[in-house]
Every structure is written in C-alpha cells, then in structure tokens.
Amino acid sequence: MENKKKKFRFNIIDVIVIVVILAVAAFFVIKFIDFGDGSFVSVGSSDRVRYVVEVDVMKKDVFDAIAAELPTQMISNGAYSDGYIVSAEAEPCTVSEIEYRDSGNQTVLYHAAPDREYVTARFTCEAGILNGTLLNNVGAQEIRIGRAHYIKGKNIEVVGSIISLEYIEEPAA
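Residues numbered from 1 in each chain as written. Predicted model: local features only at pLDDT ≥ 70, side-chain atom pairs only at ≥ 80, totals over all residues. Heavy atoms only, no water.

1. A short note on the overall build of the protein chain
Summing up its helical and strand segments, the protein chain has two helices and 10 strands in all. For the protein chain, the sequential pattern of α-helices and β-strands runs α-β-α-β-β-β-β-β-β-β-β-β. The buried share of the protein chain, taken over its 173 residues, is 24%. Look at the contacts in the protein chain between residues 6 or more apart in sequence, and 65% of them connect residues 24 or more apart. In the structure as shown, the protein chain presents an accessible area of about 12700 Å², 55% of it carried by carbon and sulfur atoms. (Helix = DSSP H or I, 4+ residues; strand = E, 2+ residues; numbered from the N terminus. Buried < 20%, exposed > 50% of the residue type's maximum accessible area, 1.4 Å probe, protein only. Contact = heavy atoms within 4.5 Å. Areas by Shrake-Rupley, 256 points an atom, 1.4 Å probe, with all protein chains shown as cover.)

Below, the structure written as structure tokens:
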C-alpha cells in the first residue's frame, strides 16, 4: 500500500468564501476608522445638542396634553434614546385650511373648525449624538435645520421641522 499525502487545493467555493469573509472584515474596519486623520472613532463618547422642532398647526387641546407630559424621554426604534423633550411653547395662529398627507401619501385638505383654537408649537429637545461622525443622529433620525423630524415619547408623537440647532458644551470635569 502506498501512503500518499493529499494536497489541499482551493476550489472556486473556497475562494468565494474567503472573499466574502474579507469583505465583511473590510466593511467593519472602514465603518469604525476615520480616514481623515487615521484615528479610531470613539464610539462611546458623545456630544449633546439642543434643537427646536416647530409644528406649524396644532390643535390647542392637543398641545396642552403634550405640554403636560413634559419633560419626557424620547423613543426611537421602539426603545428609549439618549434624548429628552424638555419644554414646549405655543403661540396662537389662525387657520382656514389644513393640508395633511394620509398613509397612502395622498394630500387631503381639511377646513379648520371655526370653534377650535389652533397654535404654532415649538418643542425644545436635548439629545446625545456620537462624536467623530458627519451626521447628527438622534436614534435613527438625522438632526439638521430644515429637516422634518418626528418627536416621539411614550405618549407623544408629532412631526414638525427643525428650526434651530446648537451644540451644548459639557462642563469641564
């Protein structure tokens, strides 16, 4: 009997598996390295931002119910985020028609009830964002002036536009 050693050969399946593993590893390296200066992004650290979301037209009784819930922690993707709706203010506004997009993305026009009061509401929010990224994300949403933004709390959900954004400096330790 002849004792032959089997030599391992790469076949096409082995090559594909190795390429996929290298691609996944490269993805994670690129995701966590800032190539601007070659340093790692500090994933655990964060900055704080304060931003104001304006809702053009809201029923006054709805605003009063929301204001009674504040301050409250915000929710994103079904979990509490590192953000709070800290305050709200409103000023009366006059409304003749309300334009609304329904779930089918159709525009519906409502006539405002003459016996109902409406307000323009502004909600001040504070939240943590990750350092080292170009995006100001709170939960799954980008925070940029002019962008539509959903404010969600345990008992609150409204959508408005971000009208101001400022970075909060943490006191030195």
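2. Focus: the pairing of strand β10 (residues 157-168)
Pairing between strand β9 (residues 148-152) and β10: five bridges, direction antiparallel. Looking at β10, one finds that Tyr150 is bridged to Val159. Taken together, β9 and the strand that follows it, β10, pair antiparallel across an intervening segment of four residues. (Pairing = 2+ DSSP bridges.)

3. Some words on the packing of aromatic side chains
Scanning the entire structure with this criterion turns up two aromatic pairs. Aromatic pair Phe27 and Phe28: ring centres 5.2 Å apart, planes at 75 degrees, arrangement edge-to-face. The exposure class of Phe27 is partly exposed, given its relative accessible area of 48%. A ring pair is formed by Phe63 and Phe123, whose centres lie 6.1 Å apart and whose planes are at 50 degrees; its orientation type is tilted. Of this pair, Phe63 sits in helix α2 (residues 60-69) while Phe123 sits in strand β6 (residues 118-130), and the two are 60 residues apart along the sequence. The residues Phe63 and Phe123 share a single accessibility class, namely buried. (Phe/Tyr/Trp six-rings, centres within 6.5 Å; stacked < 30°, edge-to-face > 60°.)

4. A few points about a nonpolar patch on the surface
On the surface, Ile12, Ile13, Val15, Ile16, Val17, Val19, Val20, Ile21, Val24, Phe27 and Phe28 cluster together into a nonpolar patch covering about 1000 Å² of accessible area. With respect to the secondary-structure elements, Ile16 resides in helix α1 (residues 12-32). (Patch = residues over 30% accessible without salt bridge, like charges linked within 9 Å, V, L, I, M, F, W, Y side chains within 5 Å. Salt bridge = Lys/Arg side-chain N within 4 Å of Asp/Glu carboxyl O.)

5. Let's talk about the pairing of strand β2 (residues 72-76)
Of the strand pairs in this sheet, β2 and strand β3 (residues 79-93) are connected by four bridges, and their pairing is antiparallel. Along β3, the bridge assignment pairs Ile75 with Tyr80. Counting the residues that bridge the hairpin from β2 to β3 gives two residues, and of these Asn77 lies at a positive phi of roughly 55 degrees.

6. Quick look at the confidence of the model for the protein chain
Residues at a pLDDT of 70 or more form 77% of the protein chain, whose mean pLDDT is 81. pLDDT under 50 marks residues 36-45. Its contacts with residues more than four places away, or in other chains, come to 15 contacts. (pLDDT = per-residue confidence, 0-100.)

7. Side note on unusual backbone geometry
Following Leu70, the chain continues into Pro71 via a peptide bond in cis, with omega recorded as -5 degrees. You can see Pro71 is positioned in the loop between α2 and β2. One non-glycine residue, Asn77, lies in the positive phi region at around 55 degrees. Following the sequence through the fold, Asn77 ends up in the loop between β2 and β3.

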